[in-house]
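Structure assessment
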Amino acid sequence: MLEIKNIHKRFGNTEVLKGVDLNVEKGDVVVILGPSGSGKTTLLRSINFLERADQGSMVFGDKKYSFQKASKKEILEVRKKTAFVFQNYNLFQNKTALENVTEGLVIGRNIPKKKAYEKAVEILTKVGLSDRYDFYPSQLSGGQQQRVGIARAIAVEPEVILFDEPTSALDPELIGEVLQVMKQLAKEGTTMIVVTHEITFAQEVASKVIFMDEGRIIECGTADQVIKHPKEERTKQFLRRITNDMEYAI
Amino acid sequence: MKRPFDFWYIFEAILDLLPYLVSTFMMLILSILGGTILGSILAWTKIRRRPLATGFADFYIYIIRACPPIVLLFLVFYGLPEILLRGFGIDTNHFSQLFFVVITFSLLFSATMAEVIRSAVAAIDKGQREAALSIGLSDMQAFIRIILPQATIIALPNFANSLIVLLKEGALAYTIGFIDVMGKGILMIGNQYGAHALEIYIALGLLYWSITIFLEQVFQKMEMKFAPDKVYRVEKRSEKERRKHEF
């Protein structure tokens, strides 16, 4: 359904993506692992054109887009097929939880207000925030904010949801509630690309795990293949380090 | 010959001056309008970071900021008629002083507003725009619906400050013969050969103090109203919740 070919991106003198290919089927949960600076976030942002890649193309559904040359109209088209969940939530500070969810429906998709409202209520209930509709982001905890962020993303019924380290800004206590919502989505067959450091989450729900380093995909396969039985030395090194961290975590 | 200080004359003077507040406010409102429109264009130019246009905007802001208001006032008062007459064949002899005053203070206010607006927009996290784009809003929609409302709140205190500065600088307008409260005060002193000058200046001081306090109050209320997620609503909500629990 989504096929990325040979994507390149450089910031100044640093080449962040050095030709990455990625294939996502409907219902896939693709988890991208890798050390910081490996280009995983840039890859995700390039898919949504939040970053303009220098080279490469993408087939999305039955349409082909060039990363470099996509027109404004094409970019808007891609953005309407995708949704993004940010590391820092990025909820609209001037809008309530409910308005955060309806915004994309009413303004982005021209859905009548009343219908959008009903849908937003339904989705916020689903992520466990039925008592927080008219709270502003600054009145919500990090975990609640991120669940609103996810609600805002699923409301627009995207074909793919892109998660950029959705739990890495959260207190350890609050990570669980966000992951639970994501697991629920995975169970329902939502197509997701997730950049994360949550190995356990990857093992439980990923249909495909990708390990990236220095702008390239080093290893790709099922969770079992990549996490339990990695072939490449670089992957083993990385996994050893983050699982060690977990043991020492107090 | 000097008359003795007359306390009650202060109130008489205030009553005489009051009607001329209309001119003061007229000048203020028109200058704010002109200055904000021009300032927004300048700010927008700077935000877009086109080298040539930004350079021009910076130059303009520098020139206006470095010019004492009274100098700018006379530059406009004497210079603009020349430009209009020679360049466009427009005779400004019958133009009222209000025209020149508003042009001057619009120019002054625009330089301040350009920075106020630019810094307020720059203060909004770029994630706000990205989040708006990611759910399918256009750049324009993201700006109007998400960025502008937040930037307005940030700009409000600075805007209020600039406005109060403008009010005080506006008192200079009498120097080109504009009759606002200040101009009327000067006229009253002149008509009485300098008698009761102190009382009239006290009256003027009281008027300007009152207007400033009034403006400050208005802007404080506006800040609370426009910042829905700030203290104001939280208090209101907790009050509502408390009441709910009581039942």
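Provided above is the structure to which this section pertains.
What you see is a predicted model; the values in this text were computed from it and never measured. Residue indices follow the written sequence of each chain, beginning from 1 at its first position. Each chain is given a letter, starting from A, and each ligand a number, starting from 1, according to the order in which they appear as written. Given that this is a predicted model, residues contribute local features only at a pLDDT of at least 70 and side-chain atom pairs are listed and counted only at 80 or more, while totals for whole chains, interfaces and linings are drawn from all residues. In computing side-chain properties, one takes all heavy atoms of the structure into account and sets aside hydrogens as well as water.

Helical segments are the DSSP runs of H or I of at least four residues, strand segments are the runs of E of at least two, and each set is numbered from the N terminus. Secondary structure assignment for chain A yields nine helices and 10 strands. We take the radius of gyration over the C-alpha atoms and set the globule estimate at 2.2 Å times the residue count to the 0.38 power. A compact globule built from 250 residues would reach a C-alpha radius of gyration of about 18 Å, and chain A, at 18 Å, matches this within 12%. Dimensions along the principal axes, computed over C-alpha positions, put chain A at roughly 55 × 50 × 35 Å. In this scheme, a residue with accessible area under 20% of its type's maximum is buried, one over 50% is exposed, and one in between is partly exposed, where area comes from a 1.4 Å probe on protein chains only. Counting all 250 residues of chain A, 56% fall into the buried class. Long-range pairs, those at least 24 residues apart, make up 63% of the contacts in chain A between residues at least 6 apart in sequence. Put simply, chain A shows about 11,300 Å² of open surface, and 47% of that area lies on carbon and sulfur atoms. Charged residues are defined here as Lys and Arg on the positive side and Asp and Glu on the negative side; His and the ends of the chain fall outside this count. Charge positions are represented by NZ for Lys, CZ for Arg, CG for Asp and CD for Glu. Computed over 36 positive and 34 negative side-chain charges, the separation of the two mean positions in chain A equals 6 Å. Any two residues having at least one pair of non-hydrogen atoms within 4.5 Å are treated as being in contact. Only the protein chains shown count as covering a residue, and every accessible area follows the Shrake-Rupley method with a 1.4 Å probe.

Another point: helix H9 (residues 197–226) of chain B. An α-helical turn contains 3.6 residues, so a residue and the one three or four places further along point in the same direction. Given a helix with a known number of residues, its expected span is that number minus one, times 1.5 Å. Between the first and last C-alpha of H9(B) there are 43 Å, a value that for 30 residues agrees with the 44 Å anticipated at 1.5 Å per step. Every buried residue of H9(B) is listed here: B:Glu199, B:Ile200, B:Ala203, B:Leu204, B:Gly205, B:Leu207, B:Tyr208, B:Ile211, B:Thr212, B:Leu215 and B:Phe219.

Before going further, it helps to spend a moment on the packing of helix H7 (residues 139–169) of chain B against H9(B). Helix-helix packing is described using two parameters, namely the angle between the two axes and the distance between the axes. Residues and elements named next belong to chain B. H9 packs onto H7 with a crossing angle of 170° between their chain directions and a minimal axis gap of 10 Å. It follows that H7 is roughly antiparallel to H9 by the angle criterion. Here H7 contributes Ile153, Leu156, Pro157, Phe159, Ala160, Leu163, Ile164 and Leu167 to the contact with H9, which in turn contributes Tyr208, Ile211, Thr212, Leu215, Glu216, Phe219, Met222, Glu223 and Phe226. Asp, Glu, Lys and Arg are counted as charged, while Ala, Val, Leu, Ile, Met, Phe, Trp, Tyr, Cys and Pro are counted as nonpolar; the rest, among them Gly, fall into the polar class. Grouping the amino acids of the contact of H7 with H9 by side-chain chemistry returns 14 nonpolar, one polar and two charged. Angles run from 0 to 180 degrees between N-to-C directions of axes, and those axes are lines fitted to C-alpha atoms, restricted for helices to the stretch in contact. Should an angle fall under 35 degrees it is taken as roughly parallel, and over 145 as roughly antiparallel, whereas 65 to 115 is taken as roughly perpendicular and any remaining angle as oblique.

All names here are of chain B. Looking at the element boundaries, Asp180 is found in the loop between H7 and helix H8 (181–191). Any Lys or Arg side-chain nitrogen found within 4 Å of a carboxyl oxygen on Asp or Glu counts as a salt bridge. Summary of buried charges: Asp180 has no salt-bridge partner, and the nearest side chain of opposite charge, Lys184, is 11 Å away. With sequence-adjacent residues up to four places away left out, Asp180 is seen in contact with Tyr20, Ser23, Thr24, Gly170 and Tyr208.

Our focus in this paragraph is the packing of aromatic side chains. Pairing of aromatic rings covers Phe, Tyr and the six-membered ring of Trp, with a centre-to-centre limit of 6.5 Å; geometry is then stacked below 30 degrees between planes, edge-to-face above 60, and tilted otherwise. Using the criterion set out here, one finds 13 aromatic pairs over all chains in the structure. Note on A:Phe84 and A:Phe86: the rings are 4.7 Å apart at their centroids and 40° apart in plane angle, and the pair reads as tilted. When the centroid spacing of 5.8 Å and the interplanar angle of 35° are considered together, the rings of B:Trp8 and B:Phe11 count as tilted. Through a chain of ring-to-ring contacts, three or more aromatic side chains come together here, namely B:Phe74, B:Phe77, B:Tyr78, B:Phe95, B:Phe99 and B:Phe100. A ring is considered to have a charge above it if a Lys NZ or an Arg CZ atom is located within 6 Å of its centre and within 35 degrees of its normal. One cation-aromatic arrangement involves A:Arg132 over A:Phe135; the distance from NZ or CZ to the ring centre is 5.0 Å. In this arrangement the basic side chain of A:Arg152 is found over the ring face of A:Phe92, its NZ or CZ atom lying 4.6 Å from the centre.

On to the interface of chain B and chain A. Facing the 22 residues of chain B at the interface are 28 residues of chain A. Using a 1.4 Å probe, buried area is obtained as the accessible area two parts lose upon being combined, added over both of them. Buried area between chain B and chain A, both sides added, is near 2,200 Å², and the carbon and sulfur share of it is 53%. Taken together, chain B and chain A are joined by two salt bridges. Note that A:Glu103 and B:Arg145 form a salt bridge whose closest N and O atoms lie 2.5 Å from each other.

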